[in-house]
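Residues per chain are reported as follows:
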Amino acid sequence: RQSQQHAGLSVIPAFSVWGEYPTGENRRCSIRVANKGFGPAIIDRVELFFNGEKIDGYMYEKVQSGIKQAFGDQVVDIERSATEEKGHAFGANREIELARFVVTEDLVNQGAQGIGERLRPMALTISYRDIYGRKWYFLVQKFVGITWRRNSPAHLVKFFLYRRYL
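The model shown is predicted, which means the values in this text are computed figures rather than measured ones. (Residues numbered from 1 in each chain as written. Predicted model: local features only at pLDDT ≥ 70, side-chain atom pairs only at ≥ 80, totals over all residues. Heavy atoms only, no water.)

**Student:** Residue-level account of the packing of aromatic side chains, with values.
**Tutor:** By the definition in use, this model includes eight aromatic pairs. Between the aromatic rings of Tyr-58 and Tyr-60, the centroid separation amounts to 6.4 Å while the plane-to-plane angle is 0°, which identifies the pairing as stacked. Here a set of aromatic residues connected by ring pairs shows up, and it is made of Phe-15, Phe-90, Tyr-128 and Phe-138. Across from the ring centre of Phe-90, 4.8 Å away, lies the NZ or CZ of Arg-94, which sits over that ring. Note that Arg-150 overlies the ring of Tyr-137, its terminal NZ or CZ placed 4.7 Å from the centroid. (Phe/Tyr/Trp six-rings, centres within 6.5 Å; stacked < 30°, edge-to-face > 60°. Lys NZ or Arg CZ within 6 Å of the ring centre and 35° of its normal.)

**Student:** Give me the lowdown on helix α2 (residues 59–71), citing residues and values where you can.
**Tutor:** Over its 13 residues, α2 runs 18 Å from end to end, which matches the ideal 18 Å to within 8%, given 1.5 Å per residue. Here α2 has its buried residues at Met-59, Lys-62, Val-63, Gly-66, Ile-67, Ala-70 and Phe-71. Summarising the axial view, the buried residues of α2 lie within an arc of 135°, below the 170-degree limit, and thus occupy one face. In the segment just after α2, Gly-72 is the residue with positive phi, at about 55°. (Helix = DSSP H or I, 4+ residues; strand = E, 2+ residues; numbered from the N terminus. Expected span 1.5 Å × (residues − 1). Buried < 20%, exposed > 50% of the residue type's maximum accessible area, 1.4 Å probe, protein only. Arc of directions from axis to C-beta.)

**Student:** Give me the side chain of Asn-35: which residues, what numbers.
**Tutor:** By the element assignment, Asn-35 lies in strand β2 (residues 28–35). Asn-35 sits in the buried class, given a relative accessible area of 0%. Here the side chain of Asn-35 touches Gly-37 through a polar contact of 2.9 Å, landing on its backbone nitrogen. Engagement of the side chain of Asn-35 in a polar contact is seen with the backbone oxygen of Gly-39, the distance being 2.9 Å. Those residues within four positions of Asn-35 in sequence are excluded, and the remaining contacts are Pro-13, Ala-14, Phe-15, Pro-40, Ala-41, Phe-90, Gly-91, Ala-92, Asn-93 and Arg-94. (Polar contact = N/O pair within 3.5 Å; in protein donor to acceptor, adjacent residues only side chain to side chain. Contact = heavy atoms within 4.5 Å.)

**Student:** I'd like a description of a nonpolar patch on the surface, backed by residues and values.
**Tutor:** Side chains of Val-157, Phe-160 and Leu-161 sit close together on the surface and give an oily, nonpolar patch of about 330 Å² of accessible area. Looking at the secondary structure, you find Phe-160 in helix α4 (residues 155–162). With a relative accessible area of 57%, Phe-160 lands in the exposed category. (Patch = residues over 30% accessible without salt bridge, like charges linked within 9 Å, V, L, I, M, F, W, Y side chains within 5 Å. Areas by Shrake-Rupley, 256 points an atom, 1.4 Å probe, with all protein chains shown as cover. Salt bridge = Lys/Arg side-chain N within 4 Å of Asp/Glu carboxyl O.)

**Student:** Can you explain the pattern of salt bridges? Please cite residues and give values.
**Tutor:** It is possible for side chains bearing opposite charge to pair when their charged atoms get close. For the structure on display, the rule yields 14 salt bridges. For Arg-100, the salt bridge identified is with Glu-97, shortest N-O distance 2.8 Å. A salt bridge links Arg-134 to Asp-130, with the nearest nitrogen and oxygen atoms 2.6 Å apart. Overall, the relative accessible area of 18% leaves Arg-134 in the buried class. Taken together, the shared-partner salt bridges in this structure form one network comprising Glu-20, Arg-28, Arg-32, Glu-79, Arg-80, Glu-95, Glu-97 and Arg-100.

**Student:** Residue-level account of helix α3 (residues 105–119), with values.
**Tutor:** The terminal C-alpha atoms of α3 lie 17 Å apart, and with 15 residues this falls more than 12% below the ideal 21 Å at 1.5 Å per residue. Maximum bend of α3: about 115°, positioned at Gly-111. Buried residues of α3: Leu-107, Val-108, Gly-114, Ile-115, Gly-116 and Leu-119, and no others. Turning to α3, the residues buried within the fold contact β2, α2, β7 (95–103) and β8 (122–129). (Bend = angle between axes of the 7 residues up to and from the residue.)

Printed below as a string of structure tokens:
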């Protein structure tokens with residue numbers, strides 16, 4: 001029994017999100033998502049929020065809308081917006097560029113703090129299953145990512161705290 005528990009825990013997906021900010025002449029920004037765990041995740045749902053309001057549409061539309069809401073006229077071009085929809089397998093050690101966009105020189109001059117302040121109102125929720133069918137949430141809100149298993153003892157508390165993003 002203990003060996004089965006260990007095997008089940010050793011293949012848990014673990015998501016991570018980070019941004020790459022522009023510097024100097026390079027005005028490109030990037031938001032990346034990776035599965036740093038040892039097992040794949042089967043995506044059930046991906047949601048994006050701005051100021052607590054859910055953004056509707058296909059994933060690439062949500063990403064583009066979120067970037068436009070966050071940066072307004074300070075985004076020059078959205079070069080890439082990824083799509084990870086229901087049923088997609090997100091393998092261990094896989095990384096995607098969720099968004100790549102170019103900002104104005106004025107925003108680059110404001111540094112990471114200026115860009116970070118514009119991204120702060122965004123939240124991302126990934127609902128997924130592991131290979132054993134257990135259901136999980138990964139939520140990034142105000143630059144902090146948290147993961148928890150649905151129907152776990154912590155789920156009720158997390159659900160109460162973060163229900164608007166679920």
